[in-house]
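# Structural overview for review
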Amino acid sequence: MSRVSLEGQVAVVTGAARGVGELLARKLSARGAKVALVGLEADALKEVSGRLHSDSDHWYADVTDHEAMTRVAREVKERFGKVDIVVANAGVASGGPFTDSDPEAWRRVIEVNLIGSAVTARAFLPVLTESRGYLLQVASLAAITPAPMMTAYCASKSGVEAYAHCLRAEVGHQGVRVGVAYLSWTDTDMVRGADQDDVMRELRQRLPWPSNKTYPLGPAVDRIVAGIERRSAHVYAQWWLRGMQGVRGFLPGLIGTVGQREMRRFAPRLQGMRTGLVGAGGAADERERSARHE
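Summarised in this report is the structure supplied together with it.

## Things to note about the overall build of the chain
- The secondary structure content of the chain amounts to eleven helices and seven strands.
- The globule rule puts the C-alpha radius of gyration for 294 residues at 19 Å, and the 19 Å found for the chain is close to it.
- Seen through its C-alpha atoms, the chain measures out along the principal axes to roughly 60 × 50 × 30 Å.
- Within the chain, contacts between residues separated by at least 24 positions form 71% of all contacts whose residues are at least 6 apart in sequence.
- Of the side chains in the chain, 38 bear a positive and 33 a negative charge, and the two mean positions are spaced by 7 Å.

Shown next, in the form of structure tokens:
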């Protein structure tokens, strides 16, 4: 599909305080889009909004909160008059052995990455239908291949990929396009946070090339922007991810065999691994949940 100019388009980006969301907001703004930033960190979102090139605003909301996101969708339309693009980017991660994982953190990964994405779509689909717009769901290499020590993240991203593919078929006749964006390890706070654990870092480094590298954020987001301009069904933030689609059927068996060997190697070092959410975004989510229970 030919590219659509983003000039004057209204784009909503969740998880926009940092990382992929922040840079995506900046690049969309530089192309003339008006940007609505959504997330848990109001001060950080305000700061990002203040640096954008075009008209923008920010909303504090938990993407898993249906009432809050419905309010945000209504207020964004009131503020900008329409919504053309929604990028469901908000996400968190945890790592480590499933049997030793923190049940609350494990559940929260599913809630934010899968349930939060569905809540975002449910809130914004009415206005996207009006504009015949585009919903981009951010997934991951973790949707294509399983990985030991990443049960919650792989489950959430596999689930959100399947949900988005189903949704594409449901809403296409209404003029709404749905895309899925795939990213490998990209230089964000989330990946850097995971790398703070020696075992997780070394396990990743032992993956086969090119999946063992950390990729720069800028080129990855450039590819996402290009996908948005084309209203693409599939967006690959790293060039080689497209090729993974053709072999994904073989990966569970391969990982199941090779993964056992790797886990045996690392077993003596698994005790005492951190079991909570990783990175600055994970810390912000944990602070928010703690504040609610005080």
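## A closer look at helix H2 (residues 42-51)
- All of the buried residues along H2 are Leu45, Val48 and Ser49. In a view along the axis of H2, the buried residues occupy a sector of 100 degrees, so they form one face of it. The outward face of H2, more than 90 degrees from its buried face, is lined by the exposed residues Asp43, Lys46, Glu47 and Gly50.
- Elements that come into contact with the buried residues of H2 comprise helix H1 (19-30), strand E2 (34-39) and strand E3 (56-60).

## Observations regarding the pattern of salt bridges
- Using the criterion set out here, one finds 25 salt bridges in the structure.
- As a salt-bridge pair, Asp285 and Arg108 come within 2.8 Å of each other at their nearest N and O atoms. On the criterion of sequence distance, the pair formed by Asp285 in helix H11 (residues 279-292) and Arg108 in helix H4 (residues 103-131) is long-range, its members being 177 residues apart. Side by side, Asp285 and Arg108 carry an identical accessibility label, which is buried.
- Each of Arg18, Glu41, Asp187, Asp189 and Arg192 takes part in a single network of salt bridges with overlapping partners.

## Looking at unusual backbone geometry
- Along the chain, Trp209 connects to Pro210 via a cis peptide bond; the corresponding omega equals 5 degrees.
- Within the element layout of this structure, Pro210 appears in the loop between helix H7 (198-205) and helix H8 (217-230).
- With phi around 55 degrees, Arg132 is a residue other than glycine that occupies positive phi space.
- Summarising the element assignment, Arg132 is placed in the loop between H4 and strand E5 (134-138).
- On the basis of relative accessible area, Arg132 is assigned to the exposed category, the value being 57%.
- For Arg231, which is not glycine, the phi torsion reads 55 degrees and is therefore positive.
- By the secondary structure assignment, Arg231 is in the loop between H8 and strand E7 (234-236).
- A relative accessible area of 10% means that Arg231 is categorised as buried.

## Brief notes about the nonpolar core
- The biggest cluster of nonpolar side chains holds 65 residues, and the ones touching the most others in it are Val76 and Phe124.
- In terms of residue count, the dominant contributor to this core is H4 (ten residues).
- Discounting residues that sit within four places of it in the chain, Phe124 has contacts with Val12, Met69, Val72, Ala73, Val76, Val83 and Val86.
- Counting 31 residues, the second largest nonpolar core, distinct from the first, contains Leu28, Ile85, Val87 and Leu136.

Criteria and thresholds
Residues numbered from 1 in each chain as written. Predicted model: local features only at pLDDT ≥ 70, side-chain atom pairs only at ≥ 80, totals over all residues. Heavy atoms only, no water. Helix = DSSP H or I, 4+ residues; strand = E, 2+ residues; numbered from the N terminus. Rg over C-alpha atoms; globule rule 2.2 N^0.38 Å. Contact = heavy atoms within 4.5 Å. Lys, Arg positive; Asp, Glu negative; His and termini not counted. Charge placed at Lys NZ, Arg CZ, Asp CG, Glu CD. Buried < 20%, exposed > 50% of the residue type's maximum accessible area, 1.4 Å probe, protein only. Arc of directions from axis to C-beta. Salt bridge = Lys/Arg side-chain N within 4 Å of Asp/Glu carboxyl O. Core = buried A, V, L, I, M, F, W, Y, C linked by side-chain atoms within 4.5 Å.

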